[in-house]
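# Examination of the molecular architecture
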Amino acid sequence: MPTRNIANLPPEALLRLPEVVALVGLSRASIYARAAQLAFPRPIKLPAHASGWRLGDVRKWLAD
């Protein structure tokens, strides 16, 4: 997946898992485990067996 510059994206932009992993520095398993414990934003279900995270939610988590 080509990476995109997320610096200028709006808070409602959806990030796919590889982008979230690169942004927060956690593994896929850690992200899902923390989301299950409500210690990380939960993914939003998208069509075709996909999930995404709102950029604004991830940025807020990083700031906290």
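Shown above is the structure to which this text applies.
The sections below set out a description of the structure shown in this document.

### Some points on the overall build of the chain
The number of helices and strands found in the chain is 3 helices and 3 strands. In the chain, the succession of α and β elements from N to C terminus is β-α-α-β-β-α. In summary, the chain has a C-alpha radius of gyration of 11 Å against a globular reference of 11 Å for 64 residues, a match within 12%. The principal-axis extents of the C-alpha atoms in the chain amount to approximately 30 × 30 × 20 Å. The proportion of buried residues among the 64 residues of the chain is 28%.

### Side note on unusual backbone geometry
Excluding glycine, a negative phi dihedral is what most residues carry, and trans is how most peptide bonds are arranged. Look at Leu-38: it is not a glycine, yet its phi comes out positive at around 60 degrees. Relative to the assigned elements, Leu-38 resides in the loop between helix H2 (28–36) and strand E2 (44–46). Of note in this structure, Ala-48 is not a glycine but carries a positive phi near 65 degrees. Of note, Ala-48 is situated in the loop between E2 and strand E3 (50–54).

### Describing the nonpolar core
If you look at the biggest cluster of nonpolar residues, it comprises 12 residues: Ile-6, Ala-13, Leu-15, Leu-17, Val-20, Val-24, Leu-26, Ile-31, Phe-40, Trp-53, Leu-55 and Val-58. Secondary-structure elements contributing two or more residues to this core are helix H1 (17–24) and helix H3 (55–63). No other element matches H1, which puts 3 residues into this core.

### Some details on the sheet that holds E3
Taken together, the 3 strands give an open sheet; going across it, the order is E1-E3-E2, and neighbouring strands pair in antiparallel fashion. The outermost strands of the open sheet, each flanked by one partner alone, are strand E1 (14–15) and E2. Inspection of the sheet shows E2 paired to E3 by 3 bridges, in the antiparallel sense. The residue bridging Ile-44 from the neighbouring strand is Gly-52, located in E3. Of the strands in this sheet, E1 and E3 touch H3, which is tilted by about 55 degrees from E3.

### Here's the deal with the pattern of salt bridges
Taken as a whole and assessed by the stated rule, the structure comprises 2 salt bridges. Note that Arg-54 and Asp-57 form a salt bridge whose closest N and O atoms lie 4.0 Å from each other. A salt bridge links Asp-64 to Lys-60; its shortest N-O distance comes to 3.1 Å. Residue Asp-64 is classed as exposed on the basis of its relative accessible area of 71%.

Calculation rules
Residues numbered from 1 in each chain as written. Predicted model: local features only at pLDDT ≥ 70, side-chain atom pairs only at ≥ 80, totals over all residues. Heavy atoms only, no water. Helix = DSSP H or I, 4+ residues; strand = E, 2+ residues; numbered from the N terminus. Rg over C-alpha atoms; globule rule 2.2 N^0.38 Å. Buried < 20%, exposed > 50% of the residue type's maximum accessible area, 1.4 Å probe, protein only. Core = buried A, V, L, I, M, F, W, Y, C linked by side-chain atoms within 4.5 Å. Pairing = 2+ DSSP bridges. Contact = heavy atoms within 4.5 Å. Axes fitted to C-alpha atoms, helices over the stretch in contact; angles between N-to-C directions. Salt bridge = Lys/Arg side-chain N within 4 Å of Asp/Glu carboxyl O.

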